[in-house]
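# Chains, contacts and geometry: an overview
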Amino acid sequence: MNLLDRAGDRMVETVNPGGRSAPHVAAGVLVCLGVVAASALLARRSEPGAYQRHLEREAGGDRGALSAVWPALFSITTLAALRLWNAPSSPERTRALTLWGASQALNAAWMVVSPRLRLLELAGGLATAALTAAYAREARRADARAGGMAAPAAGLAIGNLVTGEVWRRSAPAKPTLH
């Protein structure tokens, strides 16, 4: 068996643990691609809220230390959702997929609304972190590997909130000489 065959087998094992049919897997891929495409379009059209603009000014244009990691992490949680989609049916699977969908909807809503108040942005961040943690927990109950794939996103959501608050509190009141 050559390297490409092994890689293909591993990919199938990763996204299709339940041995679902090709049309079922394709439907899951289409759902995930649709969510990713919608998120990309909304992110492109949305304006950052006042608090995000404040952080960018204070950080010299940096969107946050963890912003570079988010795309990869969202991709992993989406792959976890695809893995759950293809897992055997169970109440845990249904709850996990519902939580993933709710998290995607909340993120889309926040991109459209783009709250101007820091308190609302904080509430959105906390809600996202809570939904992601609940998603990872339910995903682990339905499929341990999917839960493991989703779990880091919850920690990063909380870390992003903390980082933003640290930036806000540590920003100098006046420009410094260095």
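Residues numbered from 1 in each chain as written. Predicted model: local features only at pLDDT ≥ 70, side-chain atom pairs only at ≥ 80, totals over all residues. Heavy atoms only, no water.

This part takes up the overall build of the protein. Helices and strands together make up the secondary structure of the protein, namely seven helices and zero strands. Residues classed as buried in the protein amount to 35% of the 178 residues present. Partitioning the contacts of the protein with sequence separation of at least 6, the portion at a separation of at least 24 is 78%. When the accessible area of the protein is evaluated, it comes to approximately 10500 Å², of which 66% is carbon and sulfur surface. (Helix = DSSP H or I, 4+ residues; strand = E, 2+ residues; numbered from the N terminus. Buried < 20%, exposed > 50% of the residue type's maximum accessible area, 1.4 Å probe, protein only. Contact = heavy atoms within 4.5 Å. Areas by Shrake-Rupley, 256 points an atom, 1.4 Å probe, with all protein chains shown as cover.)

What follows deals with the pattern of salt bridges. Any two side chains of opposite charge can pair, on the condition that their charged atoms come close. Counted according to the given criterion, the structure contains four salt bridges. Glu138 is paired through a salt bridge with Arg95; the nearest N and O atoms lie 3.1 Å apart. Of this pair, Glu138 sits in helix H6 (residues 118–142) while Arg95 sits in helix H5 (residues 91–113), and the two are 43 residues apart along the sequence. Among the ionic pairs, Arg141 bridges to Glu138, the shortest N-O distance being 2.9 Å. (Salt bridge = Lys/Arg side-chain N within 4 Å of Asp/Glu carboxyl O.)

Next up on the list: the nonpolar core. The nonpolar side chains of soluble globular proteins are, as a tendency, buried together. Counting 19 residues, the largest nonpolar core has Ala80, Leu84, Trp100, Tyr135 and Ala139 as the members making the most contacts within it. Ranked by residue count, the leading element in this core is H5, at five residues. Beyond its immediate chain neighbours, meaning those up to four positions away, Trp100 contacts Cys32, Val35, Thr77, Thr78, Ala81 and Tyr135. (Core = buried A, V, L, I, M, F, W, Y, C linked by side-chain atoms within 4.5 Å.)

Another point: a nonpolar patch on the surface. On the surface, Val29, Leu30 and Leu33 cluster together into a nonpolar patch covering about 280 Å² of accessible area. With respect to the helices, strands and loops of the structure, Leu30 is situated in helix H2 (residues 22–45). A residue is classified by how much of its surface remains accessible, and Leu30, at 60% relative accessible area, is exposed. (Patch = residues over 30% accessible without salt bridge, like charges linked within 9 Å, V, L, I, M, F, W, Y side chains within 5 Å.)

Time to look at the confidence of the model for the protein. Taken as a whole, the protein shows an average pLDDT of 75; of its residues, 67% reach a score of 70 or greater. The least confident element of the protein is helix H3 (residues 50–58), whose mean pLDDT is 52; the most confident is H5, at 87. (pLDDT = per-residue confidence, 0-100.)

Given a rise of 1.5 Å per residue, 23 residues ought to cover 33 Å, and the 32 Å separating the end C-alpha atoms of H5 matches this to within 8%. Those residues of H5 that fall on the buried side of the exposure criterion are Arg93, Ala96, Leu97, Leu99, Trp100, Ser103, Gln104, Leu106, Asn107, Ala108 and Met111. (Expected span 1.5 Å × (residues − 1).)

We now examine the environment of Leu84. The topology assignment puts Leu84 in helix H4 (residues 70–85). When residues no more than four places from it in sequence are discounted, the contact partners of Leu84 are Arg93, Ala96, Leu97, Tyr135, Ala139, Ala142, Asp143 and Ala146.

In this structure, Gly101 sits in helix H5. By relative accessible area, Gly101 is classed as partly exposed at 30%. In sequence terms Gly101 and Val35 are 66 residues apart; their C-alpha atoms lie 9.0 Å from each other.

With that out of the way, let us pick up the side chain of Thr128. As for its position among the elements, Thr128 is in helix H6. Not counting chain neighbours up to four residues away, the residues in contact with Thr128 comprise Leu106 and Asn107.

Looking now at the environment of Ala105. Mapped onto the elements, Ala105 comes out in helix H5. Separated by 66 residues in the primary sequence, Ala105 and Ser39 place their C-alpha atoms 9.4 Å from one another.

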